[in-house]
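Structure at a glance
The chain contents come next:
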Amino acid sequence: MTEFHWITLSLGAALVGGVWGYNSWQEWRFKKRAAAAFAKSHPDVLLDTPKNMVRQGEAGMRFEPSLEPEAPVLGEATTSAPETVDLSESLALAVAVLDPAFDYVAEVHPGEPIDFADIPAIEVGKRVRILGLGDSDEWEVIRSGQRYHELRVGLQLVDRQGPVSEAQLVMFCEQLSAFAERESGVATFPRREDKLQVARQLDAFCASVDMQIGLNVLSSRNPFAIGRVVAMAEAAGLVLETDGVFHARSESGKALFSLSDRHHRPLDALEDTPSLTLLLDVPRVAGGEQAFDRMADLAQQMALTLGGDLVDDDNRSLKPADLAAIRKQLVALYAQMDDRGVPAGGVAALRLFA
C-alpha cells in the first residue's frame, strides 16, 4: 500500500473514532441528566396538594376581598378538592384538552402504531394530558384498547402551585425523547424559553385573581347546635357530602360555595360548633355573583337565627354595605378573567386553579 493509502485509512479511522466518541459522550450526558432528574422526589400535585393550598407560597392563606373596595387582605383558607372536568371524546373537545396558551405541547411520531398499554405515564409534578391519532384518523383522549399513529402530549404550564419550572420541562422532554426512541420514532418540542416566559406571565395573572371569599358566623354566646345548622343548610338546598362539609351546587352539579365548621372539622362528627364558614372559591365558580348573593343571604340568615355575628377572617363585623362592596370587587374580578379569556368556572379556569 502506498503512503497515500495509509494516510487515507488513518483519517477514516480517526473520523469513525471521533463519531463514536461523540455519540458515547452524548449518551453519557443524557443518562447523567436523566438520573439526576429522576433521583428527585416529585409528588403528584393532583393527588398530594394540601387542601388549604391556594397558590405556591400561600399555604394556609386565603386572598379575600377587603372592606375597602380596592385592596385585598389575607385571611385563613380552606379550598375544596379540584373538580373533574367531564370531557367528550368528540374531536372538538378532545383538541380543546390541549391548548398552547396553557400547555407545553409536544408531538411523538412512533415508528409503528403504538398500543395504549405501551404509552408510559409522564410524571414531572404537573398535570399531563395525552391525545392520540387513532385508526379512524381523528384525535381523541387516549383510552384503553386503542392504538395510535401519533401522540400529542401536553404539560400544563400553571396551576395553584405556580408555573412550570425549567427543570420540570427538561424532565418532560427527556422522558418523551426516551419513549420516542424506544418506539423507533421521534419527539418534537416547542422552544422551552418561550413557554417558560408564557408560564410566568400566565401565573402572574392567575395570582392576581386567585381569590376566595369567606363569610364567618361566630357565636356570641353559646355554641351552635349542629342539628339547627343542618336544618338551615338543608332548607337552603345544601347537601352534606362525604367530606363532612355542606355544598351548594348548580343544577348541573358544579360547586357554588360550601358551609363548614370554621376549624375544618367534619360537621357530621360534631354536636355543636362555636363558628361556621361559608366559602366561595372565586375563579372556579361560574355565575359567581349569584352564588355570592345566595351565600351572603344564607350567612346573614344563620347569624340572625342562630344568634351569631357575621364577621370576616379578622373577626371584623360585616354589614350589608360591606357585603355590597365585596360583591363589587367580585364583579370587577370576573371581568378581568373574561378579558383574559379564562372565564370563571370554565374548563380553563378549573385547570389553572386546581
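Only a predicted model underlies this, so the values are computations on that prediction, with no experimental measurement involved.

1. Quick look at the nonpolar core
Phe-172, Leu-215, Phe-292 and Met-337 are the most contacted members of the largest nonpolar core, which has 75 residues in total. The greatest single-element share of this core, amounting to nine residues, is contributed by helix α7 (residues 288-306). Ignoring any residue separated from it by four or fewer positions in sequence, one finds Met-337 in contact with Phe-205, Val-209, Pro-283, Val-342, Pro-343, Ala-344, Ala-349 and Phe-353. By size, the runner-up hydrophobic cluster in this structure holds five residues, among which are Val-97, Leu-98, Leu-133 and Trp-139.

2. Some details on the packing of helix α6 (residues 226-235) against α7
The geometry of a pair of packed helices is captured by two quantities: the angle between their axes and the separation between those axes. Where α6 contacts α7, the axes come no closer than 11 Å and their chain directions differ by 145°. Crossing angle aside, the handedness with which α6 passes α7 is right-handed. Two secondary-structure elements touch here, α6 through Arg-228, Val-229 and Met-232 and α7 through Leu-298, Gln-301, Met-302, Thr-305 and Leu-306. A per-class count over the contact of α6 with α7 returns five nonpolar, two polar and one charged.

3. Re the side chain of Asp-159
By secondary structure assignment, the location of Asp-159 is in strand β9 (residues 158-159). In terms of polar contacts, Asp-159 uses its side chain to reach the side chain of Lys-126, at 2.7 Å. A polar contact of 2.8 Å, which involves the side chain of Asp-159, links it to the backbone nitrogen of Gln-161.

4. Quick look at the pattern of salt bridges
Enumeration over the complete set of coordinates arrives at 14 salt bridges. One salt bridge in this structure joins Glu-107 and Arg-152, with 3.9 Å as the shortest N-O distance. Taken together, the residues Glu-107 in strand β3 (residues 103-109) and Arg-152 in strand β8 (residues 150-156) connect sequence positions 45 residues apart. Given a relative accessible area of 28%, Glu-107 falls into the partly exposed group.

Procedures and definitions
Residues numbered from 1 in each chain as written. Predicted model: local features only at pLDDT ≥ 70, side-chain atom pairs only at ≥ 80, totals over all residues. Heavy atoms only, no water. Core = buried A, V, L, I, M, F, W, Y, C linked by side-chain atoms within 4.5 Å. Buried < 20%, exposed > 50% of the residue type's maximum accessible area, 1.4 Å probe, protein only. Helix = DSSP H or I, 4+ residues; strand = E, 2+ residues; numbered from the N terminus. Contact = heavy atoms within 4.5 Å. Axes fitted to C-alpha atoms, helices over the stretch in contact; angles between N-to-C directions. Left-handed = near helix turned anticlockwise from the far one by under 90°. Nonpolar A, V, L, I, M, F, W, Y, C, P; charged D, E, K, R; others polar. Polar contact = N/O pair within 3.5 Å; in protein donor to acceptor, adjacent residues only side chain to side chain. Salt bridge = Lys/Arg side-chain N within 4 Å of Asp/Glu carboxyl O.

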